[in-house]
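Here are the chains, one letter per residue:
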Amino acid sequence: MLNIQKINDAHNSIKDFAKVTPVVYSEALEYDLGNKLILKAENLQTTNSFKIRGSSNCIINRVKAFPDTKGVVTASSGNHGQAVAYVAYRLGLSATIVMPKTAPKAKINAVNRWGAKIELCGTTSGERLSRMQQIADEEGYFVVPPYDHYDIIAGQGTIGKEIMEQVHDVDAVLVPIGGGGLISGISYYIKHTNPKVQVIGVEPKGSNSMGVSIERGSITQLDSTKSIADGLLSLKPGDLTFPIVRENVDRIITVNEDEISNAVSKCIEYFKIVPEPSGAVTVAGALKTGWGKNKKVVAVVSGGNFDMERIQEFI
Ligand SMILES: *Cc1c(COP(=O)(O)O)cnc(C)c1O
């Protein structure tokens, strides 16, 4: 179960791992485009994405309940893998991160930095999940799921708490959706403390499983996904995240690839914030819909990890 106490407790337990990230505002963007847009800059978070919040909360709670936990394992080539590797490094736990054989060098290096063991395995997520389970069984490691766990969701929900404390009279909060852990935590916190605030989910057009599932009224799996927002490529929502989103999210919108690229460049130009494409979909959503024209809108910029060589494509 999720409740406000769990999110408050998470905020307290993760404070040595996760930073209270700044909120940033651009007078020039408001002047040029008319949007009173405030960014919650999780690109400046430890390991450069919000994923540290959920994974540190989940691992800390696990170690409290089972002090003899030997290590942790997860399957992720992205931000979740980096966050889990970092938390394990800080807590002195062993960690294995299962990644696809095709994982780019930059992502491998980012996990290597924290001393985690990397297992390159197959190209499909099915192969990686079964290898992950095998390692968990053989080594007695704890599996850290990317989104579908209440401790993960409570950790991500600490962003909702910070936004409500940092921004007064906020009208709406825009949140990216992958598997739905981030928006579950944030929307739950906001709707249970200040239900007048609108929570709007943003998905890429080519990866909109949450929007489709909400519309159909049940968890729906897509055949495939495609977007430059590579942190948002979930084929279906989680069993835990779907009902939380259905209860607490006001609306889900989609943005296309050009809108995402343009938002990356606007973040750099106006806010001096470098988001990865997954982190910029909220800004794309705000610019597209004109949200923020006469309302105070916060866009969660969820991460800032992308290849240095690729930044020029967006400028
Ligand atoms: C994981 C991730 C998301 C999506 O989070 P979910 O909890 O899977 O919905 C969004 N942005 C970035 C940068 C991420 O790493």
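Remember, predicted model here, so these are calculated numbers, not experimental data.

Cut-offs and rules
Counting starts from 1 at the beginning of each chain's written sequence and moves along it residue by residue. Under the rules for a predicted model, residues below a pLDDT of 70 receive no local features and side-chain atom pairs below 80 are neither given nor counted, while totals for whole chains, interfaces and linings still include all residues. Water and hydrogen atoms play no part in the side-chain values, which are based on all heavy atoms of the structure. Any residue with a heavy atom positioned within 4 Å of a molecule or strand is treated as near that molecule or strand. N or O atoms closer than or at 3.5 Å make up a polar contact, with two conditions inside protein: a donor-capable atom paired with an acceptor-capable one, and, for residues adjacent in sequence, both atoms drawn from side chains. For the area figures, the Shrake-Rupley method with a 1.4 Å probe applies, and any residue is considered shielded solely by the protein chains shown. What counts as a ring pair is set by centres within 6.5 Å for rings of Phe, Tyr and Trp (its six-membered ring), and what kind of pair is set by the plane angle: stacked under 30 degrees, edge-to-face over 60, tilted for all other angles. Each helix is a run of DSSP H or I of at least 4 residues and each strand a run of E of at least 2, with the numbering of both proceeding from the N terminus. Here the term buried applies to any residue with accessible area under 20% of the maximum for its type, exposed to any over 50%, and partly exposed to those in between, with areas from a 1.4 Å probe on protein chains only. Pairing between two strands is assigned when DSSP locates at least 2 bridges connecting them. Axis angles are defined between N-to-C directions and span 0 to 180 degrees, where every axis is a line fitted to C-alpha atoms and, for a helix, only to the segment in contact. Within this analysis, the arc is defined by the directions that extend from the helix axis to the C-beta atoms. For this analysis, residues touch if any pair of their heavy atoms sits within 4.5 Å. A domain assignment, automatic or from a database, supplies the domain bounds used here. Note on terms: buried area is the combined drop in 1.4 Å-probe accessible area of two parts once they are placed together, counting the loss on both. Whenever a carboxyl oxygen of Asp or Glu lies within 4 Å of a side-chain nitrogen of Lys or Arg, that contact is scored as a salt bridge. Roughly parallel covers angles under 35 degrees, roughly antiparallel covers those over 145, roughly perpendicular covers 65 to 115, and oblique covers all other angles. For this classification, Asp, Glu, Lys and Arg are treated as charged, while Ala, Val, Leu, Ile, Met, Phe, Trp, Tyr, Cys and Pro are nonpolar and the rest, including Gly, are polar. With its strands directed away from the observer, a crossover is right-handed exactly when the path from the first strand over the helix to the second travels clockwise.

With that settled, the discussion passes to the site of the ligand. Near the ligand there are 16 residues, and of these Lys51, Asn79, Gly178, Gly180 and Ser302 occur at the shortest range. A distance of 2.8 Å separates an oxygen atom of the ligand from a polar atom in the backbone of Gly180. Protein chains bury 96% of the 380 Å² of accessible surface belonging to the ligand in isolation.

Right, let's talk about the packing of aromatic side chains for a bit. The final tally for this structure, using the stated rule, is 3 aromatic pairs. Plain terms: the ring middles of Tyr86 and Tyr89 are 6.3 Å apart, the flat faces sit at 45° to each other, and that makes the pair tilted. One end of the pair, Tyr86, and the other, Tyr89, are both in helix H4 (residues 79-91), 3 residues apart, so they sit about a helical turn from each other. Tyr86 sits in the buried class, given a relative accessible area of 11%. Looking at Tyr89, the relative accessible area reads 48%, which means it is partly exposed. Summarising the aromatic geometry, the rings of Tyr86 and Trp114 are spaced 4.9 Å apart at their centres and angled 80° between planes, so their arrangement reads as edge-to-face. Linking Tyr86 in helix H4 with Trp114 in the loop between helix H5 (105-112) and strand E5 (117-120), this pair joins segments that are 28 residues apart in sequence. An aromatic cluster of three or more residues is present, and its members are Tyr86, Tyr89 and Trp114.

Glancing now at the sheet that holds strand E8 (residues 198-204). Ordered by their spatial adjacency, 6 strands build an open sheet running E1-E2-E10-E7-E8-E9, and the pairing between neighbours is mixed. Looking at the sheet topology across the chains shown, the edges are occupied by strand E1 (23-25) and strand E9 (251-255). For this sheet the average axis-to-axis angle between neighbouring strands, irrespective of direction, equals 30°. With 5 bridges connecting them, strand E2 (residues 37-41) and strand E10 (residues 297-301) associate as parallel partners. Of the residues in E10, the one forming a bridge with Ile38 is Val298.

Here we come to H5. The α-helix winds at 3.6 residues per turn, so residues separated by three or four positions along the chain end up facing the same way. By the burial criterion, the buried members of H5 are Ile108, Ala110 and Val111. Mapping the buried residues of H5 onto a view down its axis gives an arc of 160°, with all of them on the same face. On its buried face, H5 is in contact with H4, strand E4 (94-99) and E5.

This part covers the domain arrangement of the chain. Note: interface size is frequently given as the accessible area lost on complex formation between the parts. Looking at the chain, the domain boundaries give domain 1 (4-49 + 153-314) and domain 2 (51-143). Between the C-alpha centres of domain 1 and domain 2 the distance comes to 24 Å. Of the roughly 1600 Å² buried at the junction of domain 1 and domain 2 (both faces included), carbon and sulfur atoms supply 52%. When the buried surface of domain 1 facing domain 2 is broken down by residue, Phe17, Thr47 and Ser49 rank first, second and third, together holding 38% of it. Counting across the interface, domain 1 meets domain 2 through 3 salt bridges. A salt bridge links Arg53 to Glu162; the nearest nitrogen and oxygen atoms lie 2.9 Å apart.

Two quantities define a packed helix pair, namely the angle between the helix axes and the distance between the axes. For the pair helix H11 (residues 257-271) and helix H12 (residues 277-289), the least separation of the axes is 7 Å and the interaxial angle reads 95°. The orientation of H11 relative to H12 falls into the category roughly perpendicular. Where H11 approaches H12, its residues Glu259, Ile260, Asn262, Ala263, Val264, Lys266 and Cys267 are matched on the opposing element by Pro277, Ala280, Val281, Val283, Ala284, Leu287 and Lys288. Classifying every residue of the contact of H11 with H12 gives 10 nonpolar, 1 polar and 3 charged.

The buried count for E8 comes to 6 of 7 residues, which makes it a mostly enclosed element. Pairing geometry for strand E7 (residues 172-176) and E8, over 5 bridges, is parallel. By the bridge assignment, Ala172 is partnered in E8 with Gln198. Read from E7 through helix H8 (residues 181-193) to E8, the crossover connection turns out right-handed.

With respect to the helices and strands, Ala85 occurs in helix H4. Among the residues examined, Ala85 registers a relative accessible area of 1% and is labelled buried. For the pair formed by Ala85 and Asn8, sequence separation is 77 residues and the distance between their alpha carbons is 24 Å. Not counting chain neighbours up to four residues away, the residues in contact with Ala85 comprise Ile97, Val111, Trp114 and Ala116.

Here the structure, examined in full by the defined rule, presents 10 salt bridges. Close ionic contact of Glu162 with Lys40 constitutes a salt bridge, the shortest N to O distance being 2.7 Å. Placement of Glu162 in helix H7 (residues 150-166) and of Lys40 in strand E2 is noted, with a sequence separation of 122 residues between them. Residue Glu162 is classed as buried on the basis of its relative accessible area of 3%. Between Arg53 and Glu42 there is a salt bridge, with the nearest N and O atoms lying 2.6 Å from each other. Here Glu42 lies in the loop between E2 and helix H3 (51-65) and Arg53 lies in helix H3, a separation of 11 residues in the sequence. Each member of the pair Arg53 and Glu42 is classed as buried. Shared partners join several salt bridges into a network, and the residues in it are Lys40, Glu42, Arg53 and Glu162.

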